[in-house]
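Fold and geometry: a report
So you can see what is in the structure, the chains are spelled out below.
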Amino acid sequence: SDLNNAVEGRQYASEALVLSQKIGYKKGEAAAFKNTGHSYEWEDNYVEGLTFFQKALYINLKIKEKKEASLNYYSIGQMYHTLGNYAKASENYFSALKLSEQTGYEWGIAYSNNNIGLLYFDQGNYGEALKYYTAALKTVQRLGDKNGIAYFTANIADAYKKQMPTLDEDKI
């Protein structure tokens, strides 16, 4: 089951953390923290996951691993989004987008834009959601990412649907 995999994953991440710290391998430490964060995320323990993603981010920023830091910001944003803290989610999604743009990390650009769109959507701001979904779609189209194209197109359709006036069935 996924929960067994989460526990097992955490055990491996813990071993990786010990080994990385023993040899002073900061990139390995950050990866171990990130993987531990994901293991908690799989268990829907977002607060604990957040703690480990933040530890990974701290190290990645310190060692100037911008691409990895963008992924950490993205994961932190997802945790806050799930927890309903839209302000913190937004702050982290925009940080992920900025670092992804600085490093030319196209996947990060696409999925950060999409998550910013999801955040606006969840707050009922469908026009802003469309703007970010469309930016995400353009990126995955350029990359030829068929799954991303399907996913982001569906998000665009949802945003348009939410903006359409509802039919008054009594008048039909």
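These notes cover the structure that comes with them. (Residues numbered from 1 in each chain as written. Predicted model: local features only at pLDDT ≥ 70, side-chain atom pairs only at ≥ 80, totals over all residues. Heavy atoms only, no water.)

**Description of the packing of helix H6 (residues 106–122) against helix H7 (residues 126–143)**
Running from N to C, H6 and H7 cross one another at 160°; their axes reach a closest spacing of 7 Å. By the angle class used here, H6 and H7 are roughly antiparallel. Read as a crossing pair, H6 and H7 show a hand that is left-handed. Contacts from Glu106, Trp107, Ile109, Ala110, Asn113, Asn114, Ile116, Gly117, Leu118, Tyr120 and Phe121 in H6 reach Tyr126, Glu128, Ala129, Tyr132, Tyr133, Ala135, Ala136, Thr139, Val140, Arg142 and Leu143 in H7. (Axes fitted to C-alpha atoms, helices over the stretch in contact; angles between N-to-C directions. Helix = DSSP H or I, 4+ residues; strand = E, 2+ residues; numbered from the N terminus. Parallel < 35°, antiparallel > 145°, perpendicular 65-115°, else oblique. Left-handed = near helix turned anticlockwise from the far one by under 90°. Contact = heavy atoms within 4.5 Å.)

**Here's the deal with helix H2 (residues 26–42)**
Between its terminal C-alpha atoms H2 stretches 25 Å, which fits the 24 Å expected from 17 residues at 1.5 Å a residue. Directly beyond the C-terminal end of H2, a positive phi value near 60° is found at Asp44. (Expected span 1.5 Å × (residues − 1).)

**Digging into the pattern of salt bridges**
Opposite charge on two side chains makes pairing possible when the charged atoms of those side chains draw close. Overall, the coordinates contain six salt bridges when judged by the stated rule. The salt bridge involving Lys27 is made with Glu65; its shortest N-O contact spans 3.8 Å. Residue Lys27 is located in helix H2, and its partner Glu65 is located in the loop between helix H3 (46–62) and helix H4 (66–83); the two are separated by 38 residues in the primary sequence. Taking the relative accessible area as the measure of exposure, Lys27 reaches 40% and is therefore partly exposed. Classification of Glu65 as partly exposed rests on a relative accessible area of 24%. (Salt bridge = Lys/Arg side-chain N within 4 Å of Asp/Glu carboxyl O. Buried < 20%, exposed > 50% of the residue type's maximum accessible area, 1.4 Å probe, protein only.)

**Notes on the packing of aromatic side chains**
The relative placement of two aromatic rings is captured by the distance of their centres and the angle of their planes. Overall, the coordinates contain 11 aromatic pairs when judged by the stated rule. Arranged with centres 6.3 Å apart and planes meeting at 50°, the rings of Tyr74 and Tyr93 form a pair that is tilted. You can see Tyr74 sitting in helix H4 and its partner Tyr93 sitting in helix H5 (residues 86–103), a full 19 residues away along the chain. For the pair Tyr74 and Tyr93, a shared accessibility class is recorded, and that class is buried. Here Phe94 and Tyr132 contribute two aromatic rings whose centre-to-centre distance is 5.9 Å and whose plane-to-plane angle is 85°, an arrangement assigned as edge-to-face. Of the two residues, Phe94 is situated in helix H5 and Tyr132 in helix H7; the sequence distance between them amounts to 38 residues. Accessibility expressed as a relative area gives 30% for Phe94, which makes it partly exposed. An aromatic cluster is defined as three or more aromatic residues linked by ring pairs; in this entry it consists of Tyr74, Tyr93, Tyr105, Trp107, Tyr111, Tyr151 and Phe152. Directly above the ring of Tyr40 sits Arg10, whose terminal nitrogen or CZ lies 4.1 Å from the centroid. (Phe/Tyr/Trp six-rings, centres within 6.5 Å; stacked < 30°, edge-to-face > 60°. Lys NZ or Arg CZ within 6 Å of the ring centre and 35° of its normal.)

**Comments concerning the side chain of Asn114**
Within the secondary structure, Asn114 is located in helix H6. A distance of 2.8 Å separates the side chain of Asn114 from the side chain of Asn155, its partner in a polar contact. Sequence-distant contacts of Asn114, that is, excluding residues within four places in its chain, are made with Tyr132, Tyr133, Ala136, Tyr151, Phe152 and Asn155. (Polar contact = N/O pair within 3.5 Å; in protein donor to acceptor, adjacent residues only side chain to side chain.)

**Brief notes about the side chain of Asn115**
Considering the arrangement of structural elements, one finds Asn115 in helix H6. Asn115 gets classed as buried once you look at its relative accessible area, which sits at 4%. Looking at Asn115, its side chain comes within polar contact range of the side chain of Tyr93, at 3.4 Å. Beyond its immediate sequence surroundings of up to four residues, Asn115 is in contact with Tyr74, Gln78, His81 and Tyr93.

Everything listed here is a matter of geometry and, on its own, says nothing about what the molecule does.
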